[in-house]
Amino acid sequence: MRACALVAPQRLALVDAPSPPLGPHDVRIRPRAVGVCGTDLHIFAGESNFHFDAEGRAIPLEASPQILGHEIAGEVVEAGAAVRDLAVGARVVVDQGRNCRSERRAPVCEYCATGHSHQCAHYTEHGITGLPGGFADELVVPAVNALPIPGDMPLLRAAMTEPLACVLHSLDFGARAAARWRFDGKGEGGAIRTAVVLGGGPAGQLFVQALRTVFGFQGAVVVSELSPHKRALCGALGAVAVEPAALRDAVMAHSSGRGAEYVVEATGNGAVYAAIPALLRKQGTVQMYGIGHGDAPMALLNPVQWREATLVTSVGASGGFDADGRPSVYRRAQQLLADGAIAVDAMITHRYRGLAAVPRAFAGDHRDAGYCKAVVELP
């Protein structure tokens, strides 16, 4: 099969790769729409490498090229002999995480048993930890990792299931934290009144919508974003979207000088942590969502620690399994997208067609003024 592989930092190449074998409980999928995630961009740039050997050392891309792409929507082209609930032609979204349920382990590990599959003791991920991702002609995954797309939802929209599932899990995790202020008002200080989202890109926009739609949050959501285009998108979703230089004044104005009880860091830029202490109420919650952070010094966290903040460090889309073994948070995200409760079409600003176009998706367009989210369409 053909694939576009990252063979060295900042170097993508079209390669011939072996067609993955199909087990009895697997499905072979042809990716049709694959989102470009900030994590992909970090891996491409050489800032991150999540493919480790048995001793925890990163394996160089030159030794083991990575086929990126973990936000995947496609169609089933072959089903294993034991698969009964997916037929050839079915349109599906892929849960890229391989866990105990995926591998049919018995007994399952303590994390999978308690609904935290992203922390599975045996966890691996397609497109991130060495397993091949969606920028390829085909992909083989366990059938329970393939979720049928409801109705006639467009594949481009369906590809946003994974990032939305990550945001939902993140907020679920934050809502359960033993914090002073909580969305349900059951904390020592009562209900959260003001939330801040640092970064108005796709994740930031999903956070704004999930806070409103899923959590029913009625307080002010203040978003900090450099890009005027992304600020406009956030404003259309009901957020107070401002430039970083105006952020503190906006937070204080909308919180009556109290500061924010909940701050989401969704940029992956470590230097942004320097702004948090001036925004956060003492004993507030900081949702550490962005990944990357470059060479930002740990000292930036000192003022956050002094405020006795609750730090929430959730990743991925954990959340337990439905009766058919498929991940419940993914299904929840799918339904929100299918129902139109979460809107994503406007944030997909860049589309690329075909494997040969994948290098262009990583060539710097994400720095354009009008960029928000890219999806690669594979015919």
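The preceding data block contains the structure.
Note that the structure is predicted; figures quoted are calculated from it, not measured.

Novice: Describe the overall build of the chain, naming the residues involved and giving the relevant values.
Specialist: Helix and strand counts for the chain come out as eleven helices and 19 strands. Over its C-alpha trace the chain gives a radius of gyration of 20 Å, about what one expects of a compact globule, namely 21 Å for 379 residues. In terms of overall dimensions, the chain has a C-alpha envelope of 60 × 45 × 40 Å along the principal axes. Expressed as a percentage of the 379 residues in the chain, the buried residues total 54%. Restricting to contacts in the chain with at least 6 residues of sequence separation, those with at least 24 account for 72%. A total accessible area of about 15700 Å² is found for the chain, and carbon and sulfur atoms account for 52% of it.

Novice: I'd like to hear about the side chain of Glu 377, residue by residue, with values.
Specialist: Here Glu 377 is to be found in strand β19 (residues 373-377). Those residues within four positions of Glu 377 in sequence are excluded, and the remaining contacts are Arg 32, Leu 156, Arg 351, Tyr 352, Arg 353 and Gly 354.

Novice: An account of the environment of Val 27 is needed here, citing residue identities and associated values.
Specialist: Secondary-structure assignment places Val 27 in strand β3 (residues 26-36). Accessibility expressed as a relative area gives 0% for Val 27, which makes it buried. Through-space distance from the C-alpha of Val 27 to that of Ala 79 is 4.4 Å; in sequence the pair is 52 residues apart.

Novice: Can you tell me about the environment of Ala 33, naming the residues and giving the values?
Specialist: Within the fold, Ala 33 resides in strand β3. Through-space distance from the C-alpha of Ala 33 to that of Ser 328 is 22 Å; in sequence the pair is 295 residues apart.

Novice: Explain the nonpolar core residue by residue, including any values.
Specialist: Residues Leu 164 and Tyr 289 are the most contacted members of the largest nonpolar core, which totals 50 residues. For this core, the secondary-structure elements that each account for two or more residues are α4 (155-158), α5 (161-176), β12 (194-198), α6 (202-213), β13 (220-224), α7 (228-236), β15 (260-265) and α10 (328-339). For this core, the leading source of residues is α5, giving seven residues. Every residue in contact with Leu 164, bar those within four places of it in the chain, is listed here: Leu 206, Ala 333, Leu 336, Leu 337 and Ile 342. Ala 5, Ile 29, Phe 44 and Val 94 belong to the second-largest nonpolar core, a separate cluster that totals 38 residues.

Novice: Explain the packing of α5 against α6 residue by residue, including any values.
Specialist: One way to put it is that α5 packs onto α6 with a least axis distance of 10 Å and a crossing angle of 55°. When the axes of α5 and α6 are compared, the pair comes out oblique. Of the two possible hands of crossing, α5 and α6 adopt the one that is right-handed. Residue-level contacts link Pro 163, Leu 164, Val 167, Leu 168, Ser 170 and Leu 171 of α5 to Ala 203, Leu 206, Phe 207, Ala 210 and Leu 211 of α6. Tallied by class, residues from the contact of α5 with α6 come to ten nonpolar, one polar and no charged.

Novice: Any details on the sheet that holds strand β17 (residues 310-312)? Residues and values, ideally.
Specialist: The six strands are arranged β14-β13-β12-β15-β16-β17 in an open sheet whose pairing can be described as parallel. At either margin of the open sheet sits one strand with a lone partner, and together these are β14 (240-242) and β17. Mean inter-strand twist for the sheet, computed between neighbouring axes without regard to direction, equals 20°. Across four bridges, the pairing between β12 and β15 is parallel. Note that in β15 the partner of Val 197 across the bridge is Val 264.

Novice: With reference to specific residues and values, describe the pairing of strand β1 (residues 2-8).
Specialist: β1 sits mainly inside the fold: six of its seven residues count as buried. Pairing of β1 with strand β2 (residues 11-16), which is carried by six bridges, proceeds in the antiparallel orientation. Looking at the pairing, Ala 5 lines up with Ala 13 of β2. The turn joining β1 and β2, which pair antiparallel and follow one another in sequence, is formed by two residues; a positive phi near 65° is taken by Gln 10.

Reading guide: rules and limits
Residues numbered from 1 in each chain as written. Predicted model: local features only at pLDDT ≥ 70, side-chain atom pairs only at ≥ 80, totals over all residues. Heavy atoms only, no water. Helix = DSSP H or I, 4+ residues; strand = E, 2+ residues; numbered from the N terminus. Rg over C-alpha atoms; globule rule 2.2 N^0.38 Å. Buried < 20%, exposed > 50% of the residue type's maximum accessible area, 1.4 Å probe, protein only. Contact = heavy atoms within 4.5 Å. Areas by Shrake-Rupley, 256 points an atom, 1.4 Å probe, with all protein chains shown as cover. Core = buried A, V, L, I, M, F, W, Y, C linked by side-chain atoms within 4.5 Å. Axes fitted to C-alpha atoms, helices over the stretch in contact; angles between N-to-C directions. Parallel < 35°, antiparallel > 145°, perpendicular 65-115°, else oblique. Left-handed = near helix turned anticlockwise from the far one by under 90°. Nonpolar A, V, L, I, M, F, W, Y, C, P; charged D, E, K, R; others polar. Pairing = 2+ DSSP bridges.

By themselves, these are just geometric observations and shouldn't be taken as functional.
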